[in-house]
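The primary structure of each chain is shown beneath.
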Amino acid sequence: MGISILITSGKGGTGKTSLTGGLASCLAALGRRVLCIDLDIGLRNLDLNLGMDDRAMMDFTDVIDHRCSLRDGPAQHPKIPGLFLLTAPVSLRDAPDPRKFRAMVRDARRLYDYVLMDSPAGLGSGFQLALSAADRAIVVSNTDPASLRDAQRTVSELQGKISPIHLVVNRVQPRLMRRMHTTIDQAMDTAGLPLLGVVPEDKQVLLAASMGVPLILTSRRGAAVAYLNITRRLLGQRVPLMRL
């Protein structure tokens, strides 16, 4: 039985979708079958990050409403075997039925080793939908005070409903942190979560997304290495934190 993971953040701009795509790509590259589900209705971007905007034809509502099956609906990545995507609908008149969504994720866990759910920023309906079907959660935050405060609010919503919950500090800029007199330890203390990994600010993330190619296929440094390290920790391996 596979594992379903909610990847969320308190605010937009933390790089949550890039992290989701990076972890999914690494998991698949390491031989796991991975299903990504984009839950950002109307503002979906995970297909672009994965380089699958011309392939992801079916969205998750097509599966839960039985317009296609879970075996036929997800699009397969053209270059990374074992990586699949169910995108979000462009628009939606009625909110998806949480019971149907949970049933779909439960069935997906029988077909895939990992189900990564890219939740929209904030604590709205997309977040609640993903939370209802998740086994564990990753909260993504930057190091600025506003991002960490929003991460705190997200953690308070998750605690008591799901475990474990881990923190990924993303888009880290060491020089900026020194000028702000802040540290990763302080970010952990503010969010109140154990640290799963840190990811440096890396222009290659944006360049890869603009080319429609997963980062791990274009880079072997920076954020690509950080994604791989975090992935290995998800798999239970002991990997030292990346030195920034």
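Residues numbered from 1 in each chain as written. Predicted model: local features only at pLDDT ≥ 70, side-chain atom pairs only at ≥ 80, totals over all residues. Heavy atoms only, no water.

A.B. asks: Looking at this structure, how should I read helix α1 (residues 16-29)?
C.D. replies: Along an α-helix, residues three or four positions apart point the same way, because every turn accommodates 3.6 residues. Taking 1.5 Å of rise per residue, the 14 residues of α1 would be expected to cover 20 Å, and the 20 Å separating its terminal C-alpha atoms lies within 8% of that figure. With respect to burial, α1 is a largely interior element, 13 of its 14 residues being buried. Once α1 finishes, Gly 31 follows within two positions and takes phi at roughly 95°, a positive value. (Helix = DSSP H or I, 4+ residues; strand = E, 2+ residues; numbered from the N terminus. Expected span 1.5 Å × (residues − 1). Buried < 20%, exposed > 50% of the residue type's maximum accessible area, 1.4 Å probe, protein only.)

A.B. asks: What am I meant to see in the side chain of Asp 202 here?
C.D. replies: Secondary-structure assignment places Asp 202 in the loop between β8 (195-200) and α9 (203-211). In this structure, Asp 202 is buried with no salt-bridge partner, the nearest side chain bearing the opposite charge being Arg 221 at 6.7 Å. Of the polar contacts made by the side chain of Asp 202, one reaches the backbone nitrogen of Gln 204; its length is 2.9 Å. Filtering out sequence-adjacent residues up to four positions away, Asp 202 remains in contact with Arg 221, Gly 222 and Ala 223. (Lys, Arg positive; Asp, Glu negative; His and termini not counted. Salt bridge = Lys/Arg side-chain N within 4 Å of Asp/Glu carboxyl O. Polar contact = N/O pair within 3.5 Å; in protein donor to acceptor, adjacent residues only side chain to side chain. Contact = heavy atoms within 4.5 Å.)

A.B. asks: Explain the packing of helix α4 (residues 98-111) against helix α5 (residues 125-133) here, please?
C.D. replies: The packing of two helices is summarised by the inter-axis angle and the distance between the axes. The contact between α4 and α5 brings their axes to 9 Å, and the two run at 50°. The angle between α4 and α5 places the two elements in the oblique class. Between α4 and α5 the crossing geometry is right-handed. Residues Pro 98, Phe 101, Arg 102 and Val 105 of α4 lie in contact with α5, whose contacting residues are Leu 129, Ala 130, Ser 132 and Ala 133. (Axes fitted to C-alpha atoms, helices over the stretch in contact; angles between N-to-C directions. Parallel < 35°, antiparallel > 145°, perpendicular 65-115°, else oblique. Left-handed = near helix turned anticlockwise from the far one by under 90°.)

A.B. asks: I'm lost on the pairing of strand β2 (residues 34-38) in this one. Help?
C.D. replies: Each regular strand shows side chains that alternate between the opposite faces of the sheet. Counting buried positions along β2 gives 5 out of 5 residues, so the element sits mostly inside the fold. Across the two faces of β2 the burial is the same, with Val 34, Cys 36 and Asp 38 and Leu 35 and Ile 37 all buried. As defined by bridge partners, β2 adjoins strand β5 (residues 114-118) across 5 bridges and the pair is classed as parallel. Counted as the bridge partner of Ile 37 is Met 117 from β5. (Pairing = 2+ DSSP bridges.)

A.B. asks: Any chance you could explain the environment of Arg 106 here in plain terms?
C.D. replies: Mapped onto the fold, Arg 106 is located in helix α4. What makes Arg 106 partly exposed here is its relative accessible area of 41%.

A.B. asks: What's the story with the nonpolar core in this structure? I'm lost.
C.D. replies: In summary, soluble globular proteins display a tendency toward joint burial of nonpolar side chains. In this structure, Ile 37, Phe 60, Phe 101, Met 104, Met 117 and Leu 158 are the most contacted members of the largest nonpolar core, which totals 43 residues. A per-element tally of this core places α5 first, with 5 residues. Excluding residues within four positions of it along the chain, Phe 101 makes contact with Ile 37, Leu 39, Phe 60, Ile 64, Met 117, Leu 129, Ala 130 and Ala 133. Ranked by size, the runner-up nonpolar core spans 35 residues in total, among them Val 168, Val 205, Ile 216 and Ile 230. (Core = buried A, V, L, I, M, F, W, Y, C linked by side-chain atoms within 4.5 Å.)

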